[in-house]
Amino acid sequence: MTSMVTRAVGAPVARLEGPAKVSGAARYAAEYPQDHLAYGWIVPSPVARGRLDAVLIDPAEEDVLAVLWYGNAPELAKSDDPELAVLQSDEIRYRGQPLALVIATSLEAARRAAQAVQLEIAEEDHDVELRADHPDRYTPETVVPDVPAESSTGDVEAALTSAPVTIDVTYETPPLHNSPMEPHATIARWDDQDLILYDSNQHPSGIADTVGAIFGLPAGRVHVVTEHVGGGFGSKGTARPNAVLAALGARVTGRPVEVVLPRQAMFSIVGHRAPTLQRIRVGATEDGILTAIDHQTCTQSSRLLEFVESASVVTRDVYPVPNLRTGHSVVRLDVPTPRWMRAPGEAPGMVGLECALDELAVELGLDPVELRIRNSPANPRYVECLRSGAARFGWSERDPRPGQRLEGEWRLGTGMAGATYPASAMPSTARVRALGAGEYEVAIAAADLGTGARTILAQIAADELGVPIDKVHIRIGDSTLPQASVAGGSSGSASWGWAVTGACRELRAADGSSDEATFDTTELVQQQKENRHASGAHFAEVRVSTVTGEIRVSRLFGMYDGGRILNPRTARSQFLGGMIMGMGMALHEESVLDPAQGTWVNHDLAEYHIPTHADVEWIDAAWLDQPEDDLNPMGSKGIGEIGIVGSPAAILNAVWHATGIRIRTLPARLDKILTATP
Amino acid sequence: MKTFDYRTATGLADGLEPGAVFLAGGTNLVDLMKLGIATPDVLVDVSRLPLREITDLPRGGMRIGSAVRNSDLAADHRVRTAYPVLSQALLAGASGQLRNMATTGGNLLQRTRCRYFMDATMPCNKHLPGSGCPARDGDHRNLAILGGSEACIATHPSDMAVALAALDAVVQVDGPTGQRSIPVTDLYRLPGDTPERDTVLEHGELITAVDLPELPVAARSTYRKARDRASYAFAVGSVAAALDVEDGLVREVRLAFGAVAPKPWRAFAAEEALRGRPATRERFAAAADAELRHATPLRDNAYKIALIRNLTVSVLASLVPSTEPAAQGPAAQGPAAQGPAAQGPATQGPAESATEEETR
Ligand SMILES: Cc1cc2nc3c(=O)[nH]c(=O)nc-3n(C[C@H](O)[C@H](O)[C@H](O)COP(=O)(O)OP(=O)(O)OC[C@H]3O[C@@H](n4cnc5c(N)ncnc54)[C@H](O)[C@@H]3O)c2cc1C
């Protein structure tokens, strides 16, 4: 094809599966009809630590097919993830741990019997409380994803001592839970020796590997179907206990078994964003040039697995600082294992860093936008986001002094913060087939969490093949398709798009001699440019009631560099979604720990607050749309997470500007305002 | 969820067998059943009884049938003009979908949202008498500062009930021993040593209606609710008020607080302190303090004292007609504007120690 009339990439194409979703035709994991389907209900541990001695059930319970616990459950092969060794040991490591699975012929019967089960438990003392002076605190070797826990350049202490202006602050972020709209859910069925899993996840290929290994099956004998996913935010990146329990139940009962987590279980067995205690010290010249930063994060993990939220890592990359030290310490507690949640590391880390910089700007008497520009000599795209974002938001009219604007009972203020997120791709393989009559099928085991991944792959393929988008049939969400990397780390479009591009180009190069091509990016991806980032700037206007202390966000604006924007419609939705989640992080979200009970007590969505529509008054995002051609064939950078990076800090900084009150323990809520003195 | 039987109530004198409970909109009861906290043997559906009318009472005032949906009640023209506080309170609660299902009777008898009560695996003197109350040392940021006991500090979550308490509403009840009338302010029990009982109702007593007396002051009334997000959240503090001011003096006033006690808290002491006195912000604040003097906040809920005080001043000030001198000046002036409400008796004692910890 020589002349392309319209390019699909860059067009605001609506999500291909939209009509199926709004009409209810789209099938989610628990919606695949099965003959003789049985239902599993998890019996969670009511204690955080102890030993399970027995599980007793009233034999008169009707419709119950099996009650599985470690005393009778089939043995499983070891897994890298000890939380997947369900029903394999009498040790209780956290409250909410699955102790038994009741399987019954109806959901109601399974739940009723699970609630009536008697557990004999020898309870032990537990410790679930993260403290910066915890005696068991240690420095891990690596932090998430797999980078050194510590870094040091120059002489931080000396530079801090000699710096004319310094800041020394501690910011605390609470435990957070992803809680996507669709809970984790699996239907498992054994077809002879093959295991079929209808499962809600972010990585069909990975789930097939992991669950296969646990049941001693090669990945080829596990078939994971993940056609539609109602969100994940990181919590569905790896197999969770629901998949293993459903497969176990199906094996024992000989029937397909469904395990859908109730909302309450979404607050235990699928992970959380670990709380962080971040101490940040910053030194600068009187002109606002950063001379030293020390960013130390203390966080928690479970007894089962070391997973360290890497909040200090982001500080290694954003601003060049001659004397820089970053580090992490972790305390292993009797809690569920923390896991990935949208922008792990960056989201909490940029609360600490970007709020500390706001405090520095005040100390210096320097505009916070200007402070960041001065410290970004080699980051022109970031500077452009700062400048252009400030202009569009109307930043220049701002009176830097706090507490100056009062409208009725409301104090008004504005704040800003930078944003950054690594741009990367992971190995994936795609296959394209000519179906005849100018139609093509593109296949890759990617997962679309509602982001528009399916649509973007169709756009990419359409342009590469030189056909209109409706000639491209996309198959994703199935582990039997060519293997794909996880929908995570904002890398999906880059990774899968790269493989799709490669396959399409090969098919066209074959020039009719073949009607199928497959392309594996593993080698190319290994040569990709290191340490590249998407960047951005967030601006917020808030108002704070002098009567109630209530905080409302009147305006929230994000200006981004995401390389080439493949689809402005779905991209905008990702940016705004990230920003709204950032608003939640700043103002609403908190899993409230009861140390004595050993768990979080607000474990449903009536009590664990996320923003509602009414909280989002005015929100917008814009972007530079400049391809970064040496990154990948599309010139794109991931955008799924950057919206939550920095937006919380922008809001907190605006709260300070409105009131003169620095909230350093998130979330900022009315009680903290009411009891604070500016 | 325990297996249960279901039947439709056919008449008022239907009676309720042991182990049976009434079902109205089901928006609270069914959740509690799923969680294993309510375990009835029989549900008797009363939502189809002929109790869905809003009628005028012969001697003035209105009768609201107990099966009237929250949305319908909030939209009723007479309610919106004669008792705006009630309409506003209803609309400040829950979500559109829930209000379409929820009924007047069910709303009054909805149970606390205390997080320990809502979890069957937790100790809680309300759902398992004698098992203890973890909230005192644990999570109580949104629990009671007034009327609680060692055994229980749960708050009543209803917005509507706060307005009804301010309006002198009377609950009409029909039961095994006949009919009786109970003022809303007497419907709820304080927990004492028996927090498992929320109200004075006996088994089998059906709420048939709620009567609103003719109350001219209510035409000038309003409800303000503070919450942790803009919508779809229970109150962390709320105030229902009606006010009549003449020549700068308070002629008549009604005041009730929400989310601070096991019941909607009618602020009788505050009303007393206001009647016949100048309608000024200072007086409003002093009246709130008179009511809050007996507050016994815990580690994390002392902020409610400042919150209720500020809300009271702001709500009452908003009800002063603009022709009255007290209405002058921006809302943020005067004592209500102070963040910590450091002055005044209400914030002495435990309130201040908690203040330091929360922010730094
Ligand atoms: C997510 C969520 C958010 C909410 N937010 C708010 C909020 O912000 N503010 C607020 O005020 N409420 C809120 N609610 C609660 C809601 O208002 C109540 O669930 C509702 O009013 C209950 O009414 P119902 O008719 O559904 O009662 P049901 O659930 O049917 O019954 C509740 C109780 O009342 C009893 N009962 C019902 N009718 C009668 C009768 N006629 N006589 C005797 N007993 C009776 C039942 O036996 C049961 O014990 C929220 C609820 C949810 C789920």
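Residues numbered from 1 in each chain as written. Chains lettered and ligands numbered in written order. Predicted model: local features only at pLDDT ≥ 70, side-chain atom pairs only at ≥ 80, totals over all residues. Heavy atoms only, no water.

We now examine the overall build of chain B. In terms of regular secondary structure, chain B is built from 12 helices and 12 strands. Within chain B, the fraction of its 360 residues that count as buried is 58%. Nonlocal contacts in chain B, meaning residues at least 24 apart in sequence, comprise 65% of its contacts between residues at least 6 apart. When the accessible surface of chain B is summed, it comes to about 14200 Å², and 51% of that surface belongs to carbon and sulfur atoms. (Helix = DSSP H or I, 4+ residues; strand = E, 2+ residues; numbered from the N terminus. Buried < 20%, exposed > 50% of the residue type's maximum accessible area, 1.4 Å probe, protein only. Contact = heavy atoms within 4.5 Å. Areas by Shrake-Rupley, 256 points an atom, 1.4 Å probe, with all protein chains shown as cover.)

What follows covers the pairing of strand 1 (residues 38–44) of chain A. Residue and element names in this part refer to chain A. Counted residue by residue, strand 1 has 5 buried out of 7 residues, so it is predominantly covered. Two strands pair when backbone bridges link them, and strand 1 and strand 14 (residues 257–260) are joined in this way by 2 bridges, in the parallel orientation. Bridging from a neighbouring strand, A38 pairs with V257 of strand 14. Inspection of the sheet shows strand 1 paired to strand 5 (residues 98–104) by 6 bridges, in the antiparallel sense. Counted as the bridge partner of W41 is V102 from strand 5. (Pairing = 2+ DSSP bridges.)

Attention shifts here to the nonpolar core. All names here are of chain A. Within the largest apolar cluster, 127 residues are counted, with the highest numbers of intra-cluster contacts made by L195, F215 and L360. No other element matches the 10 residues that helix 6 (residues 346–364) contributes to this core. In this structure, L360 is in contact with V165, I167, V282, A284, L290 and L371, ignoring residues within four places of it in sequence. (Core = buried A, V, L, I, M, F, W, Y, C linked by side-chain atoms within 4.5 Å.)

Many descriptions give the size of an interface as the accessible area lost when the pieces come together. All names here are of chain A. Its domain assignment divides chain A into domain 1 (18–27 + 425–526), domain 2 (32–125 + 181–231 + 236–267) and domain 3 (147–175 + 273–423 + 531–675). Taking only C-alpha atoms into account, the centre of domain 1 sits 34 Å from that of domain 3. Listed per partner, the contact involves 15 residues of domain 1 and 15 residues of domain 3. Of all residues in domain 1, T451, S490 and W498 bury the most surface against domain 3, accounting for 43% of the area lost on that side. (Domains from an automatic or database assignment. Buried area = accessible area lost by both parts, 1.4 Å probe.)

Residue and element names in this part refer to chain A. As enumerated under the stated definition, the model contains 11 aromatic pairs over all chains in all. A ring pair is formed by W395 and F539, whose centres lie 5.7 Å apart and whose planes are at 65 degrees; its orientation type is edge-to-face. Here the residue W395 occupies a position in the loop between helix 8 (380–393) and strand 18 (405–407), and F539 occupies one in strand 24 (residues 533–545), the gap between them amounting to 144 residues. Assigned by exposure class, W395 and F539 land together as buried. The positively charged end of R111 is found above the aromatic ring belonging to W41, 5.5 Å away from the centroid. (Phe/Tyr/Trp six-rings, centres within 6.5 Å; stacked < 30°, edge-to-face > 60°. Lys NZ or Arg CZ within 6 Å of the ring centre and 35° of its normal.)

Attention now moves to the sheet that holds strand 11 (residues 249–258) of chain B. Residues and elements named next belong to chain B. Spatially, 9-10-11-12 is the arrangement adopted by the 4 strands of the open sheet, whose pairing is antiparallel. Whereas interior strands pair on both sides, the edge strands pair on one side only; in this sheet they are strand 9 (221–226) and strand 12 (265–266). Sheet topology note: the strand 10 (residues 237–246)/strand 11 ladder contains 9 bridges and is antiparallel. Across the sheet, residue A240 finds its bridge partner in strand 11, namely A256. Across the sheet, helix 10 (residues 281–292) touches strand 10, strand 11 and strand 12, and the angle it forms with strand 11 is around 45 degrees. (Axes fitted to C-alpha atoms, helices over the stretch in contact; angles between N-to-C directions.)

Facing the 44 residues of chain B at the interface are 44 residues of chain A. A combined buried area of about 3900 Å² lies between chain B and chain A, and 53% of that area is made up of carbon and sulfur atoms. Our count for the contact surface shared by chain B and chain A stands at 3 salt bridges. The salt bridge partner of R141 of chain B is D671 of chain A, with a shortest N-O separation of 2.7 Å. Between the two partners, chain B and chain A, sit 13 residue pairs in polar contact (both at pLDDT 80 or more). Contributing elements (two or more residues each) for the side of chain B that touches chain A: strand 9, helix 11 (303–319) and helix 12 (350–358) of chain B. Of all the elements, helix 11 of chain B adds the most residues to the side of chain B that touches chain A, at 5 residues. The class makeup of the residues in the side of chain B that touches chain A is 20 nonpolar, 10 polar and 14 charged. (Salt bridge = Lys/Arg side-chain N within 4 Å of Asp/Glu carboxyl O. Polar contact = N/O pair within 3.5 Å; in protein donor to acceptor, adjacent residues only side chain to side chain. Nonpolar A, V, L, I, M, F, W, Y, C, P; charged D, E, K, R; others polar.)

On to the domain arrangement of chain B. Here the domain parsing of chain B yields domain 1 (1–48) and domain 2 (224–337). Relative placement of domain 1 of chain B and domain 2 of chain B: their C-alpha centres are 38 Å apart.

What follows concerns the site of the ligand. Residues and elements named next belong to chain B. With respect to spatial proximity, 30 residues lie near the ligand, and among them F22, G26, T27, T103 and D159 are the closest. When the ligand sits alone it has 990 Å² of accessible area, and the protein chains cover 93% of it. Counting residues per element, the ones that place at least two in the shell around the ligand are helix 1 (29–34), helix 6 (104–108) and strand 8 (206–212). Among the elements that take part in the shell around the ligand, helix 6 stands out by supplying 3 residues, more than any other. Along the lines of polarity and charge, the residues of the shell around the ligand split into 13 nonpolar, 13 polar and 4 charged. Two domains each put at least three residues into the shell around the ligand: domain 1 (1–48) and domain 2 (224–337). (Near = heavy atom within 4 Å.)

A few words now on the pairing of strand 24 of chain A. The side chains of a regular strand alternate, first on one face of the sheet and then on the other. Residue and element names in this part refer to chain A. Summarising burial for strand 24: 11 of the 13 residues are buried, a large majority. Examined bridge by bridge, strand 19 (residues 410–422) and strand 24 share 13 bridges and lie antiparallel to one another. Each residue of the ladder has a partner; that of R411, found in strand 24, is V544. With antiparallel pairing between neighbouring strands as the criterion, strand 24 and strand 25 (residues 551–561) make up a hairpin whose turn holds 5 residues, including G549 at a positive phi of roughly 80 degrees.

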